[in-house]
Amino acid sequence: MPFVPAKVYFERDALDYPLGRELHHKFQAMQLPVTVLPDKGRVPVARDATPRQAYFEAKRTLVVGVRRTLKLATCKPSAHYQLPLTSSCSGKCEYCYLQTTLGNRPYVRVYVNIDEILETAARHIQERAPRRTVFEGAATSDPVPVEPYTGVLRRTIEFFAGQSLGRFRFVTKFTDVDGLLDAPHNGHTRIRFSVNTPHIIRTYEHGTPALSERLAAARRVARAGYPLGFIIAPVFIYDGWEDDYRQLLRDLAAEIAPVKSDDITFEIISHRFTRRAKQRILEVFPDTGLPMLEEVRRFKFGQFGYGKYIYQPAQMAQIESLFFAELPRFFPRARPEYLI
């Protein structure tokens, strides 16, 4: 399911960059509605749009711009720094934490000043030498749906291939990775796939590929020699959840085992939500079935100073017991990086 935007907006100074001019020509050739915004202009919005209408319209709108803030934010626990290549995502997952961090109109954005972004990464690598520095390319986005247009992921992979002390990683739910398979990566980029049970994907992950498609893409990535990873998130407790997650691991192993890839990591994240996220989710998905009853959860302050509602200790123990028992069974040489 390739991402084809309904509208494309260009910040005027994006056209000062080669990639900006290339994309402008490309989208015009596709006969898409293309608008160049005036200096400091904002994307026009329908003032009478409901939050739900504004959300779905934004998910179909691409903004081509310049990344102005080149200060890199930290990215615990998966990396040292975020590497902002894109923002937002064409998927429409009901539980997504970007519901709150990207505001009411989460336009899909791409940044054309890739050389400046990578120069910033190079400085951070030099400053931390001789320690290795890891950069996360999907902290506020899924960069794969726009990759066929921009080529930014491939450019970044090739950059990190030449960095002895730099490593790159990103995660995706999408499968259009074939343009990356022959990139010289030198084993310095880890491509991870966000996966869940078919029940969760069907119920909450709208506009994303099926599990079988993601696993097939992961197999292609492993065959290309990339370090591979899986994020199982968010883990939900529901009727039959244990059997479903065991089957998920079984399906992962069946797809990846023939490749004989030993460098596989796992990150496991249980479902959690904030009060603000709940309010936003209910505005966009008023009929959601997400389990968001605050009174049955445990309130916990997070690393960024706000609180979230997580599963009770006994439930977290069930999740830990399941994955710590089953992961070694299906992936005896894999590394579980964390379970939260």
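See above for the structure.
Definitions and limits used
- Residues numbered from 1 in each chain as written.
- Predicted model: local features only at pLDDT ≥ 70, side-chain atom pairs only at ≥ 80, totals over all residues.
- Heavy atoms only, no water.
- 1 Å grid on protein atoms, 1.4 Å probe; cavity = no way out; pocket = protein on both sides within 12 Å on 5 of 7 lines; lining within 4 Å.
- Points joined across faces, edges and corners; volume = space filled by probe spheres on them.
- Nonpolar A, V, L, I, M, F, W, Y, C, P; charged D, E, K, R; others polar.
- Helix = DSSP H or I, 4+ residues; strand = E, 2+ residues; numbered from the N terminus.
- Expected span 1.5 Å × (residues − 1).
- Buried < 20%, exposed > 50% of the residue type's maximum accessible area, 1.4 Å probe, protein only.
- Arc of directions from axis to C-beta.
- Contact = heavy atoms within 4.5 Å.
- Pairing = 2+ DSSP bridges.
- Core = buried A, V, L, I, M, F, W, Y, C linked by side-chain atoms within 4.5 Å.
- Axes fitted to C-alpha atoms, helices over the stretch in contact; angles between N-to-C directions.
- Disulfide = S-S within 2.5 Å.

Q: Got a minute to help me understand empty space enclosed by the protein in this structure?
A: Under the counting rule described, the total for this entry stands at two cavities of 30 Å³ or more. Size it by volume and the largest cavity reaches roughly 40 Å³. Residue lining of the largest cavity: Tyr55, Lys59, Ser88, Cys96, Leu98, Gln99, Leu102 and Pro106, and that is the complete set. Of the residues contributing to the lining of the largest cavity, the split by class is five nonpolar, two polar and one charged. Here the second largest cavity defines a volume of roughly 40 Å³. In this structure, the second largest cavity is lined by Gln82, Leu83, Pro84, Leu85, Thr86, Glu136, Gly137, Ala139, Thr140 and Ser141.

Q: Would you mind showing me how to read helix H1 (residues 18-29) here?
A: Its twelve residues place the ends of H1 17 Å apart at the C-alpha level, agreeing with the 16 Å of an ideal helix rising 1.5 Å per residue. Taken as a whole, H1 has its buried residues at Leu19, Gly20, Leu23, His24 and Phe27. Here the buried residues of H1 occupy an arc of 140° about the axis, which is enough to place them on one side. Seen from the buried face of H1, the exposed residues on the opposite side, beyond 90 degrees, are Pro18, His25 and Ala29. Of the surrounding elements, those touching the buried residues of H1 are strand S1 (7-10), strand S2 (34-36), strand S3 (61-65), strand S8 (108-111), helix H5 (147-150) and helix H6 (152-161).

Q: I would appreciate a short explanation of the sheet that holds S2 in the present structure.
A: Strand pairing in a sheet relies on backbone hydrogen bonds, with the paired strands running either antiparallel or parallel. With mixed pairing, five strands are arranged side by side in an open sheet as S2-S1-S3-S8-S6. Looking at which strands have only one partner, the edges of the open sheet turn out to be S2 and strand S6 (86-87). Two strands pair when backbone bridges link them, and S3 and S8 are joined in this way by four bridges, in the parallel orientation. Its bridge partner lying in S8, Gly65 is registered against Tyr111.

Q: Sorry, what's going on with the nonpolar core here?
A: Note on soluble globular proteins: their nonpolar side chains tend to be buried together. Of all hydrophobic cores here, the largest spans 92 residues; its most connected members are Phe230 and Tyr245. The biggest single contributor to this core is helix H9 (residues 241-256), with seven residues. Dropping the residues within four chain positions of it, Tyr245 is found in contact with Asn196, Thr197, Ile200, Ile232, Pro234, Val235, Phe236, Tyr238, Leu322 and Phe323. Core analysis: the next-biggest nonpolar cluster, separate from the first, contains six residues, Tyr9, Leu37, Val63 and Tyr107 among them.

Q: Looking at this model, I keep getting lost on the sheet that holds strand S14 (residues 264-270). Mind explaining?
A: The mixed open sheet is built from eight strands, whose spatial order is S4-S5-S9-S10-S11-S13-S14-S17. The sheet is open, and its two borders are formed by strand S4 (74-75) and strand S17 (335-339), each paired with just one other strand. Lying on the sheet, helix H4 (residues 114-128) is in contact with strand S5 (79-82), strand S9 (133-136) and strand S10 (166-172); it crosses S9 at an angle near 150°. Contacts between H6 and the sheet are confined to S9, S10 and strand S11 (189-195), with S10 contributing the most and set at about 150° to the helix.

Q: What's the story with the state of the cysteines in this structure? I'm lost.
A: Linking two cysteines covalently via their sulfur atoms produces the bond known as a disulfide. A complete count under the given rule lists zero disulfides for this structure. Cys93 forms no disulfide, and the closest cysteine sulfur to it belongs to Cys96, at a distance of 6.3 Å. In this structure Cys93 comes out as buried when scored by relative accessible area, which is 7%.

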